[in-house]
Amino acid sequence: MTDSNSFPCRDAIYSDDYYDFIIDYFADFPMEEAACFQKVSNRFDIAYYPRSEMPDLSPEEYPYSSIPKCFALMNETALEDSGILRLQNPAGLDLTGQGILVGFLDTGIEYTHPAFYYSDGMTRIAAIWDQTAEDGVPPEGFSYGAFYDRDAVNAALLSENPLEVVPVTDEHGHGTFLAGVACGSTNAAADFTGAAPLSEILVVKCKEAKPYLREYYYVPDGVPVFQENDLMLALSWLIRMAERLQKPLVICIGMGTAIGSHAGEDAISIFCDEIGRLRQQCIVTCAGNEANARHHYYKSGMRENETDAIEISVGDGVPGFFMECWAAVPEIYRVAIVSPSGERFVGSGSLIGRQTHEFLFEKTMLTVDYAVTGENMRNQLIRLAFFAPYSGVWTVQLTSVLVLEGAFHCWLPLTDLLKGEVVFLRSDPDTTILSPGMSAAAVCVGAYQTNGDAIWPASGRGYSVSGTVKPDVLAPGVNVYGPGLRDSYTVRTGTSIGAAVTAGACAQLFQWGILQLGASWLNSVSLSNFLIRGARRNDGRAYPNHAYGYGFLDAYGALEVLRV
């Protein structure tokens with residue numbers, strides 16, 4: 001048991017009585033008089049403030065990017081199709097990820113699973129940071145969670161009751177599966193091998209979001225979601241561990257959020273850009289599972305004073321939801337909302353501020369927030385939050401006040417973050433890649449089915465709002481075989497699985513390029529370029545495109561490019 005006075009931020013980090021804010025010293029003015037801070041990087045800090053002394057959350061009161069977003073899990077024979085087994089072949093290249101760290105920020109890991117042992121029964125896990133542990137010794141430089149190094153994990157494996165020594169579990173199995181697919185040990189009896197089966201593993205078991213933030217985003221009970229600030233701190237810890245261990249690092253992010261402008265300007269995407277440009281660091285993200293969810297709306301070609309009607313179908317029993325509409329600077333739009341019964345609310349047309357309105361017949365409370373936000377361009381944001389929405393078709397009318405291109409995007413929350421059906425009647429499957437998949441420096445991966453090279457229908461599609469081509473590649477992500485809980489093996493589907501396969505391939509390429517060739521300059525940007533150039537492409541399809549990016553993952557093809 002530890003003394004909380006030794007870690008002054010610990011109480012604030014876990015308590016719902018404190019707001020968490022992301023402080024960006026490049027884009028926003030830092031807020032003063034915080035209870036405490038956690039350092040992420042030279043650019044970002046996480047600050048904690050007593051809620052009783054602060055205004056309620058809204059883009060009117062706080063910089064939009066400072067309010068942490070909620071991230072959900074992207075989860076719903078692969079290696080041969082991806083060219084990975086050709087790199088593992090001992091008679092050939094023998095690239096197994098040896099000497100490379102692969103890091104995961106997820107739901108934890110079942111470290112007792114044989115998929116994470118060396119042949120002598122010792123662990124391949126270099127370290128674990130359990131952010132959920134409220135009474136442990138945190139890693140150096142952090143004020144919460146519990147840190148366990150390799151020696152502690154090995155001691156646990158040698159004991160009769162491992163969880164009494166290292167009490168880290170994975171209740172969901174998502175983190176265990178991703179780690180296994182990326183770098184699980186070969187198990188001939190189970191007919192399984194990970195992409196980089198001799199790499200070393202770093203694990204962050206991420207703390208779930210606080211109740212106040214779940215309420216702000218209308219997250220249903222029981223759905224695991226994670227705060228942006230905790231994920232950023234997890235990334236910071238992974239980088240520090242790689243520096244301490246003096247080894248190249250590949251990071252796999254199997255989570256995503258639909259909140260934000262989809263231009264790669266949110267805090268975690270900016271941080272991923274910073275990491276991805278560091279030598280010997282690579283970040284792999286997933287495209288998300290929202291292409292066929294009917295949660296994106298797009299309109300272009302608007303003329304001045306023209307009105308577009310966005311119809312939203314809301315099912316029975318939806319407790320609440322929000323929608324974000326984004327327009328590029330200098331365009332300005334005015335909003336009006338028509339309820340299923342025909343009652344109409346007209347917004348103020350302000351660029352900054354908040355309005356509330358109760359629809360009398362439907363007994364629905366509406367909050368409209370107006371903000372101007374963005375790192376490079378100060379874009380217009382209109383955020384509409386519906387509390388106890390009446391079932392039926394709600395119509396959001398956007399009228400152009402000032403237009404040049406005459407285009408805007410609207411997004412609803414992730415499917416997992418909605419209780420009940422909320423969809424656009426006239427939706428657009430493009431621009432559905434989730435944050436941080438829009439990070440320019442990260443490798444963004446969609447999912448396909450190896451039988452027939454068919455794209456998985458839910459795999460998020462590009463491009464980014466700023467025009468960056470994403471996804472970079474597609475990887476196997478349908479019915480992929482990997483480690484489950486209680487020493488089992490199972491199958492899962494999702495773009496996070498494709499990201500894990502690709503992370504293992506990146507570990508192989510780092511082993512070849514950095515450790516064998518001495519190309520110490522390799523990073524996420526360079527690996528992305530090699531993967532793009534080496535991707536397998538089908539005749540008759542134009543590349544890049546919104547669904548397939550630059551083609552299908554081919555690690556051997558990327559190595560051929562790297563050799564040249």
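Everything quoted here is computed from the prediction, not taken from an experiment.

1. Side note on unusual backbone geometry
Comment: phi is negative for the bulk of residues other than glycine, and the bulk of peptide bonds are trans.
Then, in step 1: The peptide bond linking V329 to P330 adopts the cis configuration, its omega dihedral lying at 5°.
Then, in step 2: Within the element layout of this structure, P330 appears in the loop between β15 (320-327) and β16 (332-338).
Then, in step 3: Residue Y463 is reached from G462 by a cis peptide bond, and omega for that bond is -5°.
Then, in step 4: Along the polypeptide, Y463 turns up in the loop between β25 (454-455) and β26 (473-476).
Then, in step 5: Within the chain, Q280 stands out as a residue other than glycine whose phi angle is a positive 65°.
Then, in step 6: With respect to the element layout, Q280 can be found in the loop between α9 (267-276) and β12 (281-286).

2. Considerations on the sheet that holds strand β23 (residues 422-424)
Then, in step 1: In spatial order, the strands read β17-β16-β21-β14-β23; together these 5 strands make up an open sheet with antiparallel pairing. Because the sheet does not close on itself, it has two edges, and the strands there are β17 (344-346) and β23. When the angles between neighbouring strand axes are averaged without regard to direction, this sheet yields 25°.
Then, in step 2: With 7 bridges joining them, β16 and strand β21 (residues 392-402) adopt antiparallel strand pairing. Its bridge partner lying in β21, A336 is registered against Q397.

3. Points about the packing of aromatic side chains
Then, in step 1: Taken as a whole and judged by the stated rule, the model has 26 aromatic pairs.
Then, in step 2: Consider the rings of F359 and W394, whose centres lie 5.1 Å apart with planes at 80°: the pair is edge-to-face. One end of the pair, F359, is in strand β18 (residues 353-359); the other, W394, is in strand β21, and 35 residues separate them in sequence. The same class applies to F359 and to W394, which are both buried.
Then, in step 3: Taken together, a centroid distance of 5.7 Å and an interplanar angle of 35° make the contact between Y481 and Y489 tilted.
Then, in step 4: Of the aromatic side chains, those joined through ring pairs into one cluster are Y14, W129, F142, Y144, F147 and W237.
Then, in step 5: The ring centre of Y216 lies 4.4 Å from the NZ or CZ of R383, which sits over that ring.

4. Side note on the environment of A336
Then, in step 1: Within the fold, A336 resides in strand β16.
Then, in step 2: Aside from chain neighbours lying at most four places away, what touches A336 is R344, F345, V346, G347, T395, V396 and Q397.

5. Let's talk about helix α11 (residues 524-534)
Then, in step 1: With 8 of its 11 residues buried, α11 lies for the most part within the structure.
Then, in step 2: Among the residues of α11, those classed as buried are S524, S526, L527, S528, F530, L531, I532 and G534.
Then, in step 3: In this structure, the buried side of α11 is in contact with α9, β12, β24 (443-449), β26, α10 (495-516) and α12 (555-563).

6. Concerning the pairing of β12
Then, in step 1: Judged by how many residues are buried, β12 sits mostly within the fold: 6 of 6 residues are covered.
Then, in step 2: Side chains Q281, I283 and T285 of β12 all project onto a buried face; the interleaved residues C282, V284 and C286 project onto the opposite face, where all are buried too.
Then, in step 3: For β12 and β24, the ladder comprises 3 bridges, and the chain directions are parallel. Among the inter-strand pairings, V284 is bridged to a residue of β24, identified as V443.

7. Structural notes on the nonpolar core
Then, in step 1: L57, F104, I109, Y111, Y217, V250 and V284 are the most contacted members of the largest nonpolar core, which totals 95 residues.
Then, in step 2: Of all the elements, α10 adds the most residues to this core, at 12 residues.
Then, in step 3: Among residues more than four places away in sequence, those in contact with I109 are F116, I125, I128, V168, T169, D170, T176, A179, I201 and V203.
Then, in step 4: Within the second largest apolar cluster, 45 residues are counted, among which are L73, M241, I253 and M255.

8. Here's the deal with the sheet that holds strand β11 (residues 255-256)
Then, in step 1: Reading across the sheet, the 3 strands line up as β9-β4-β11 and stay open at both edges, with antiparallel pairing between neighbours. Two strands in the sheet have a free side with no partner beyond their single neighbour: β9 (225-227) and β11.
Then, in step 2: Where strand β4 (residues 70-73) meets β9, 3 bridges bridge the pair, whose relative direction is antiparallel. Bridge pairing links F71 to F226 in β9.
Then, in step 3: Each of β4, β9 and β11 is contacted by helix α8 (residues 228-245), which is oriented at about 70° to β9, the strand it contacts most.

About the thresholds
- Residues numbered from 1 in each chain as written.
- Predicted model: local features only at pLDDT ≥ 70, side-chain atom pairs only at ≥ 80, totals over all residues.
- Heavy atoms only, no water.
- Helix = DSSP H or I, 4+ residues; strand = E, 2+ residues; numbered from the N terminus.
- Pairing = 2+ DSSP bridges.
- Axes fitted to C-alpha atoms, helices over the stretch in contact; angles between N-to-C directions.
- Phe/Tyr/Trp six-rings, centres within 6.5 Å; stacked < 30°, edge-to-face > 60°.
- Buried < 20%, exposed > 50% of the residue type's maximum accessible area, 1.4 Å probe, protein only.
- Lys NZ or Arg CZ within 6 Å of the ring centre and 35° of its normal.
- Contact = heavy atoms within 4.5 Å.
- Core = buried A, V, L, I, M, F, W, Y, C linked by side-chain atoms within 4.5 Å.

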